[in-house]
Amino acid sequence: MGSYLRYLSENSQTLLFYAQQHFLVVGYSIAIATAISLALALVLHTNQLTPPSWSKRFRISSQEGALLLASAALTIPSLALFGLLQPMLGLGVTPSIVALTLYAIYPVLRNTVAGLSSVDSAVLEAARGVGMGPVRRMWRVQLPLAWPVIVSGIRVAVLITISIAVVAAIINGPGLGKPLQDGLARLGAVDSFNEVITGTLGCLAVAAVYEVLFLIIQRFTTPRGIRV
Amino acid sequence: MSETVQPMTDSSTRTGQRPMISLQGVSKTYPKQSKPAVAELSLDVPEGAIVMLIGPSGCGKTTTLKMMNRLIEPSSGRILLDGDDVTDVNGDQLRRRIGYVIQQVGLFPHLTIADNVAVVPKMLGWDKARVTRRVDELLRLVGMEPGDFRDRYPRQLSGGQQQRVGVARGLAADPPVMLMDEPFGAIDPITRERLQEEFLEVQRQVAKTICFVTHDLSEAVKLGDRIAVFGPGGRLAQYDTPDEVLTNPADEFVAEFVGSGAAVRRLSLLELSRLELEEVVISSGGAPTNRHPVLAVNDAGRPERWLHLPGSGDPPPLVVVPLSGTVYDAVDVMLDGRAPLVVVVDDDGQPRGALRWDALVGDLRTKGRLP
């Protein structure tokens, strides 16, 4: 215990830097994934992108197709995905963010779709009946009502990406994967176990920060009338 | 003081005869269906009238209503609103000029009651003070104290209260026309009765042109100035006053739809003042005539008892009903008092005539089903 505290204090600058990197790489990926998912869900909610002949042949709508692709992306082993992206995108931050974004899309997309379609049809009919156009209906009615569901999707995505981001270290990605993998690689050597513990606890700390952040976001962005 | 916005009407010409909504040969065939939901329908809704659209499910009454504000686009035909052809105008703009109230209410759960009511005025760009004034006025109109309810959310309200807000939202921009799709259908019977009364009271104040879909014949008879009975296949089977629909069903279908109980329902539409009452002889003890019943009155001229009833031995018990009542009331007191006839009195209690059970059966026979 004493030696761990000594390790922490000796390496606090570096470790804090890794944690910060981890936090940011997750943040960027989630932001991009959210933007993509929201745009995709909004478009797919009202439009069929694929021609009818496709939907008929495969018996799925464009929306279901997009979800299927996103879920397929989520099932690719993370180790493999980082390896596969490396020839195209090289090493470092870019392939890390791309991979994490791919993983984050599914939970956000799924919840956005679910949230939008969970809006009471009577409310939507009333919205049409009072003369709201499609855009106004989306912004004033559907999105606010779906918002709590969307935010919880983003939270899930954050938790998934925090743990996957650790793997990014194999392509020289940023974050807490670095000390973790260093430690694992030379297990038994001086401070190696401390590094593993730190990588793990660091992820928990980053997750805790995000959780607090989202509690605040949810609190302030959920309309009062639908707060439970 | 009331806000009035009348983009389309000139209130001085409210004659009640001019059609406010006019459907001309309107048909609707849904995609992938061979039979039309509404076929070649022509219907004029007079200004200031409540027209009830009624019929069995799947008869096209809701489709017809939704074509009036183009929530459903007609396949063919024209729709005229106050003389203007609105078949091809922007649907959203059109719907802001027409009030719309639905059975499931559909209040926006994330908005306060005030914001819900204010939706259309805000879209129309009213300034804030005017919107606030209008919201308070409307909440008061539907019997909800603005101070108590303005800042609440829909989920904090009972079903009946929610529908009042729904009606207020429909009336918000003071549209000349209101479309109501079974607004009281999902509300418990007691509250429904009260809401219907309030609805008529509100209508007396605002005098809108109202189309009202219902599947409840009692509601149609109670609220409607006219009833449009829809038959299968989206055919308009009859369009007439409640009285006519109940008395003279246009065809087999309407007769069957109006069905048993039509005669009884009709009793409550028929005011005693509109009946030819039987003459009554007022007597202080003179010789009984053979033709008319003889009534003894007190010093104030009010009926006291029957002295003689032609064709029967003992004089029957005396029952009285006010002239302002309906035949339904007369039947009620006759049944209650086990009397074969009833004295109809005016506001001062003076006898104006009598109504006999026999005459009732003879006069009001529609399908020969009187209890």
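Before any of the text, the structure's been laid out above.
This one's a predicted model, so the numbers in the text were calculated from it and none came from an experiment.

About the cut-offs
- Residues numbered from 1 in each chain as written.
- Chains lettered and ligands numbered in written order.
- Predicted model: local features only at pLDDT ≥ 70, side-chain atom pairs only at ≥ 80, totals over all residues.
- Helix = DSSP H or I, 4+ residues; strand = E, 2+ residues; numbered from the N terminus.
- Buried ≥ 20, exposed ≤ 12 C-beta atoms within 10 Å, placed from the backbone.
- Contact = placed C-beta atoms within 7 Å.
- Nonpolar A, V, L, I, M, F, W, Y, C, P; charged D, E, K, R; others polar.
- Arc of directions from axis to C-beta.
- Axes fitted to C-alpha atoms, helices over the stretch in contact; angles between N-to-C directions.
- Parallel < 35°, antiparallel > 145°, perpendicular 65-115°, else oblique.
- Core = buried A, V, L, I, M, F, W, Y, C linked by C-beta atoms within 7 Å.
- Pairing = 2+ DSSP bridges.

Quick notes on the overall build of chain B
When its secondary structure is counted, chain B shows 14 helices and 16 strands. If you line up chain B on its principal axes, its C-alpha atoms span 80 × 55 × 40 Å. A buried classification covers 40% of the 371 residues belonging to chain B. When contacts within chain B are restricted to residue pairs at least 6 apart in sequence, those whose partners lie at least 24 apart make up 62%.

Observations regarding the interface of chain A and chain B
At the interface, 17 residues of chain A touch 22 residues of chain B. Looking at the side of chain A that touches chain B, the element that brings in the most residues is helix α6 (residues 121-129) of chain A, giving 6 residues. A class-by-class count of the residues in the side of chain A that touches chain B yields 10 nonpolar, 4 polar and 3 charged.

Notes on helix α13 (residues 327-337) of chain B
Within α13(B) the residues assigned to the buried category are B:V327, B:A330, B:V331 and B:M334. Looking straight down α13(B), one finds that the buried residues subtend no more than 95° of arc, so they occupy a single side.

Looking at the environment of B:G325
Residues and elements named next belong to chain B. On the secondary structure map, G325 appears in the loop between β14 (320-322) and α13. C-beta crowding within 10 Å serves as the criterion here: with 18 such atoms nearby, G325 is assigned to the partly exposed category. Residues contacting G325, with those up to four places away along its chain left out, are L272 and A330.

Points about unusual backbone geometry
Residue and element names in this part refer to chain B. Its identity is not glycine, yet E40 carries a phi of approximately 45°, on the positive side. Inspection of the secondary structure puts E40 in strand β2 (residues 38-46). By C-beta crowding, E40 is classed as partly exposed, having 15 other C-beta atoms within 10 Å. Backbone geometry at E182 places phi at a positive 45°, although glycine is not the residue there. Relative to the helices and strands, E182 is located in the loop between β7 (177-181) and α8 (189-206).

Focus: the packing of helix α7 (residues 134-165) of chain A against helix α9 (residues 192-221) of chain A
Residue and element names in this part refer to chain A. Close contact between α7 and α9 brings their axes to 10 Å; oriented N to C, the two are set at 170°. The angle between α7 and α9 places the two elements in the roughly antiparallel class. Residues W147, P148, V151, R155, V158, L159, I162 and S163 of α7 form the contact with α9, whose participating residues are C203, V206, A207, Y210, F214, I217, Q218 and T221.

A few points about the nonpolar core
Membership of the largest hydrophobic core comes to 131 residues, with the highest contact counts inside it found for A:L109, B:V51, B:M52, B:L53, B:V117, B:C211 and B:F212. The residues contacting B:L53, other than those within four sequence positions of it, are B:K61, B:T64, B:L65, B:C211, B:F212, B:V213, B:A228 and B:F230. Listed in part, the 18 residues of the second largest apolar core include B:L272, B:M334, B:L341 and B:V342.

Let's talk about the pairing of strand β12 (residues 294-297) of chain B
Residue and element names in this part refer to chain B. Note that strand β11 (residues 281-282) and β12 share 2 bridges and pair parallel. Each residue of the ladder has a partner; that of I282, found in β12, is L295. Here 4 bridges tie β12 to strand β13 (residues 303-308), and the two strands are oriented antiparallel to one another. Its bridge partner lying in β13, V297 is registered against P303. What sits between the antiparallel neighbours β12 and β13 is a turn of 5 residues, in which G301 has the positive phi angle 85°.

Topic: the sheet that holds β14(B)
Residue and element names in this part refer to chain B. What the 3 strands build is an open sheet, ordered β14-β15-β16; its pairing is mixed. Whereas interior strands pair on both sides, the edge strands pair on one side only; in this sheet they are β14 and β16 (351-356). Geometrically, the sheet is characterised by an average inter-axis angle of 35° between neighbouring strands, direction not taken into account. Two strands pair when backbone bridges link them, and strand β15 (residues 341-345) and β16 are joined in this way by 5 bridges, in the antiparallel orientation. Residue L341 lies in a different strand from β16, and its bridge partner there is R356.

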